[in-house]
Amino acid sequence: MASRKSAVLKNNEEEKQEEEEEEEVSDSPTEVKMSQIIMPCHCNHRQELCVGQLLKWIDITACLSAERHAMSPCVTASMDDINFEHTIRVGQVVSIKSKVNRAFNSSMEVGIQVSCEDLFSGHHWKVCHAYATFVTQRKETGERVLLKPIVPETQKEQLEYSLAAERRRVRMLHDDIIKDLLTHGCIQQGDSVEFSNAVAAEKTKVESVELVLPPHTNHQVNTFGGQIMAWMVNVATIAASRLCQTHPTLRTIDMFTFRGPSQIGDRLLLKAIVNNAFTDSIEVGVRAEAYQDLGTNRHINSAFMIFEVLDDHGKPCTLPRLQPEPLEGERRFQEAIARKKIRLDRKYIISRKQCEVPLSVPWNPRNQVYLSYNNVSTLKTLASRKKWRLSSEKDKVRLYSLEEKTMLSFRVDTEVDVPAHTAFSLLAELCNRPSWDTYYQKCDLIHQVDDDDFLYHVVTPSVHPSSLGFLSLAKSGEGIHQDFILLASKRRPCGSGDSYVIALRSVLLTSHPPTEGCNRGEVLCAGFIIQDTKNNMSLLSYYNQASPEVLPYISSDIAGLSTSFYNIFSSCREYLTANRLHCTSETITGENLNSSPQSNEADRLSLSLCSTQQ
């Protein structure tokens, strides 16, 4: 237990240092803070804060942020995955901070941070973070309330604003990914035959009816979304307890969407059952339905909650096997496997740190959306760093460097006499890069994933030690070449204030294993960010996070011992200028998310939730 506590404290200290490095003063008018001291009435039998109570506070805080911005009633449309990293005990203080990250047409993303403070030791630690989507209620005339745009002030706000569009892309594809996994049999089928020690799924079933009374409603006299979530957590916990015959700990709530309205007088029927029991975790499915008198049941919400059972040392225990029900139970059993795969993909791709090895992740159509999100978000996060140091400048080509622990990154800035949309169109054609970049000897398109994401095979010159002790590019025909399998994610602006982005990262393809005569290299994070400037010009910024095998070569360039950076980006500038008139006349003024298919989905949610909870 002591080792677990020391590890937690170490992680907390690292998180605190990172937050201090990135902390900026924000005067966002949508920011709302809530602090609550944990009393016994908020807790379970272990004197730990009930997750249902925490979800109520999270929903209240996020709603207040949304309504501050909208200046009209708002409802909870959905909540992204929530991972509870630590528990909170009696006497500790929980702090919840929420802020609108971005407003679209009639929906907005609210970011929520939950932390805890021990008043006696003075320690602070992160509990969880979440992203909620809220929509405005329609006016009495049926007219939509159109939201004014958010204007990010700090670098951190600008980053969250930009990434909100990427998270929205992931949300809209979430259900399709699960369907694709099941349809194409891309998941490892669970062994659902009868076990001698298996617990029948029927034994874990729970049903509970709640009457919606005035204390359960919000200031709009609709059923409070946080209350519905709390009731759902309650029945899910009972179902999980019936399987493991002890008190489980809720660790994760999968992404969920509110589907319809609920009001005072509704009876809420809550159903829960264990869908699958893995080695050390349990997935419980919960469904909430509303009805009045003899009326038909209306589906309000469905959620999937992941529980663990911890031993005295805080480690997960091995759990009993589950015998699913025929037909529907088998379906839920397999869908739980698909959702677990998605959770593992997200954890491995999105949550892992860039310095962890292996750097490259196997690509497949099912994890493409997460690889793409990681690709774009990592580049934008790198660009938002504060401590860039100007290393050299020559003929308006500026070279910056950034040292972070064992990582060395560089940035090259140059202004070009080409509009940003034209520069983006030309640079997005990665196959043309060998014409201006001597480091790209060959670039072939392997696969066009969709309109925004592409897979390339790139061959570059070899590197060898120079007389000065650094690595340098070998001459043509010398040494062994390097090759890379790159995922290129290309993004046009989603609104004013956005930049054009071309993000690059390495992936693994089974169809393209390392080839004889080439050393397979890896790109952690690289790409272009292009911004409009005055007089129809644009600022071109190229970023690269150096991998260990090229780090000495990068270091020599930054030290001023080579002029390859200057030569390459002078050549890039000439390439853009020479080809600006040959570029297609397509006008790329920044796709407005308000007219995208995603916005149509938000409008549908707004219509269906116009009188819903929260």
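Model, not experiment: these values are computed from the prediction. (Residues numbered from 1 in each chain as written. Predicted model: local features only at pLDDT ≥ 70, side-chain atom pairs only at ≥ 80, totals over all residues. Heavy atoms only, no water.)

On the secondary structure map, W57 appears in helix α2 (residues 51-70). For the pair W57 and G226, spaced 169 residues apart in sequence, the C-alpha to C-alpha distance is 7.4 Å. Those residues in contact with W57 that lie beyond four places of it in its chain are M34, Q36, I38, H42, L49, V94 and I96. (Helix = DSSP H or I, 4+ residues; strand = E, 2+ residues; numbered from the N terminus. Contact = heavy atoms within 4.5 Å.)

In the contact formed by helix α3 (residues 155-183) and helix α6 (residues 368-383), the axes pass within 10 Å of each other and the chain directions differ by 175 degrees. Classed by the angle they form, the pair α3 and α6 counts as roughly antiparallel. On the side of α3, the interface is formed by L159, S162, L163, E166, R167, R169, V170, L173, H174 and I177, while α6 contributes V369, Y370, S372, Y373, V376, S377, K380 and T381. Residues that form the contact of α3 with α6 fall into these classes: 9 nonpolar, 5 polar and 4 charged. (Axes fitted to C-alpha atoms, helices over the stretch in contact; angles between N-to-C directions. Parallel < 35°, antiparallel > 145°, perpendicular 65-115°, else oblique. Nonpolar A, V, L, I, M, F, W, Y, C, P; charged D, E, K, R; others polar.)

One pass over the structure, following the stated rule, counts 10 aromatic pairs. Between F256 and F258, the aromatic rings sit 5.8 Å apart at their centres with planes inclined by 85 degrees, giving edge-to-face as the arrangement. F258 shares its class with F256; the two are buried. With a centroid separation of 5.7 Å and an interplanar angle of 65 degrees, the aromatic rings of W388 and Y543 are classed as edge-to-face. Here Y543 lies in strand β27 (residues 538-545) and W388 lies in the loop between α6 and β16 (389-394), a separation of 155 residues in the sequence. The same class applies to W388 as to Y543, namely buried. Through pairs of rings, three or more aromatic residues link up here, namely F410, W436, F528, Y542, F569 and Y575. Its guanidinium or amino end placed over the ring of Y400, R411 lies 4.0 Å from that ring's centre, counting from NZ or CZ. The lysine or arginine in question, R433, covers the ring of Y440, its NZ or CZ lying 4.1 Å from the ring centre. (Phe/Tyr/Trp six-rings, centres within 6.5 Å; stacked < 30°, edge-to-face > 60°. Buried < 20%, exposed > 50% of the residue type's maximum accessible area, 1.4 Å probe, protein only. Lys NZ or Arg CZ within 6 Å of the ring centre and 35° of its normal.)

Glancing now at the pairing of strand β23 (residues 481-491). Of all the 11 residues making up β23, 10 are buried; the element is thus mostly covered by neighbouring parts of the structure. Judged from the 3 bridges that link them, β23 and strand β25 (residues 518-520) form a sheet pairing that is parallel. Bridged to H481 within β25 is C518. Examined bridge by bridge, β23 and strand β24 (residues 500-508) share 6 bridges and lie antiparallel to one another. Following the sheet pairing, L487 is matched in β24 by R505. (Pairing = 2+ DSSP bridges.)

Spanning 16 residues, helix α9 (residues 564-579) covers 22 Å between terminal C-alpha atoms, matching the ideal 22 Å at 1.5 Å per step. Within α9, burial applies to S564, F565, I568, F569, S570, C572, R573, Y575 and L576. (Expected span 1.5 Å × (residues − 1).)

If you walk across this open sheet you meet the 6 strands as β1-β4-β5-β6-β2-β10, and the pairing is antiparallel. A strand with exactly one partner marks an edge of an open sheet, and here the two such strands are β1 (32-37) and β10 (256-257). By the bridge criterion, 10 bridges tie strand β4 (residues 93-103) to strand β5 (residues 107-117) in an arrangement that is antiparallel. Of the residues in β5, the one forming a bridge with K97 is Q113. Lying on the sheet, α2 is in contact with β1, β2 (74-79), β4, β5 and β6 (124-136); it crosses β4 at an angle near 35 degrees. This element, α3, spans β2, β4, β5 and β6 of the sheet and lies at about 80 degrees to β4.

For the protein chain, the average pLDDT comes to 82, and 81% of its residues sit at 70 or higher. Ignoring residues within four places in sequence, the model shows residues 1-14, a span with pLDDT below 50, making 12 contacts including any to other chains. With pLDDT under 50 throughout, residues 189-193 is counted as low confidence; its partners more than four residues away or in other chains account for 12 contacts. (pLDDT = per-residue confidence, 0-100.)

A cluster of nonpolar residues, I37, M39, L119 and F120, forms a patch on the protein surface that exposes about 460 Å² of accessible area. Secondary-structure assignment places I37 in strand β1. (Patch = residues over 30% accessible without salt bridge, like charges linked within 9 Å, V, L, I, M, F, W, Y side chains within 5 Å. Areas by Shrake-Rupley, 256 points an atom, 1.4 Å probe, with all protein chains shown as cover. Salt bridge = Lys/Arg side-chain N within 4 Å of Asp/Glu carboxyl O.)

Counting residues in each nonpolar core, the largest one holds 77 residues, and the members touching the most others are M108, I112, V284 and M305. In this structure, this core is formed jointly by two domains, domain 1 (28-182) and domain 2 (198-356), each of which donates at least three residues. Counting 37 residues, the second-largest nonpolar core is a separate cluster that includes F410, Y440, F454 and L540. (Core = buried A, V, L, I, M, F, W, Y, C linked by side-chain atoms within 4.5 Å. Domains from an automatic or database assignment.)

Let's shift gears to the sheet that holds strand β8 (residues 206-211). What the 6 strands build is an open sheet, ordered β3-β9-β13-β12-β11-β8; its pairing is antiparallel. In this open sheet, the two strands that pair with only one neighbour each are β3 (82-83) and β8. Pairing of β3 with strand β9 (residues 249-253), which is carried by 2 bridges, proceeds in the antiparallel orientation. Paired with N83 across the bridge in β9 is T252. Across the face of the sheet, helix α4 (residues 225-244) comes into contact with β8, β9, β11 (267-277), β12 (282-291) and β13 (298-308) while running at roughly 40 degrees to β11.

Moving on, we come to the pairing of β13. Burial runs high along β13: 8 of the 11 residues are buried. Here 9 bridges tie β12 to β13, and the two strands are oriented antiparallel to one another. Across the sheet, A290 pairs through a bridge with R298, a residue of β13.

Assignment of secondary structure puts Y370 in helix α6. What makes Y370 buried here is its relative accessible area of 0%. Y370 sits 204 residues away from E166 along the chain, and the two C-alpha atoms are 9.7 Å apart.

A word on the packing of helix α7 (residues 420-428) against α9. One way to put it is that α7 packs onto α9 with a least axis distance of 10 Å and a crossing angle of 110 degrees. On the basis of their axis angle, the class for α7 and α9 is roughly perpendicular. Viewed along their axes, α7 and α9 form a crossing whose handedness is right-handed. Of the residues in α9, those touching α7 at A423, L426 and L427 are C572, Y575, L576 and N579. (Left-handed = near helix turned anticlockwise from the far one by under 90°.)

A positive phi angle, close to 55 degrees, is found at M71, a residue other than glycine. Its location among the elements puts M71 in the loop between α2 and β2. Taking relative accessible area as the criterion, M71 reaches 65% and is therefore assigned exposed. One non-glycine residue with positive phi stands out, namely D395, at about 50 degrees. With respect to the helices and strands, D395 occurs in the loop between β16 and β17 (397-404).

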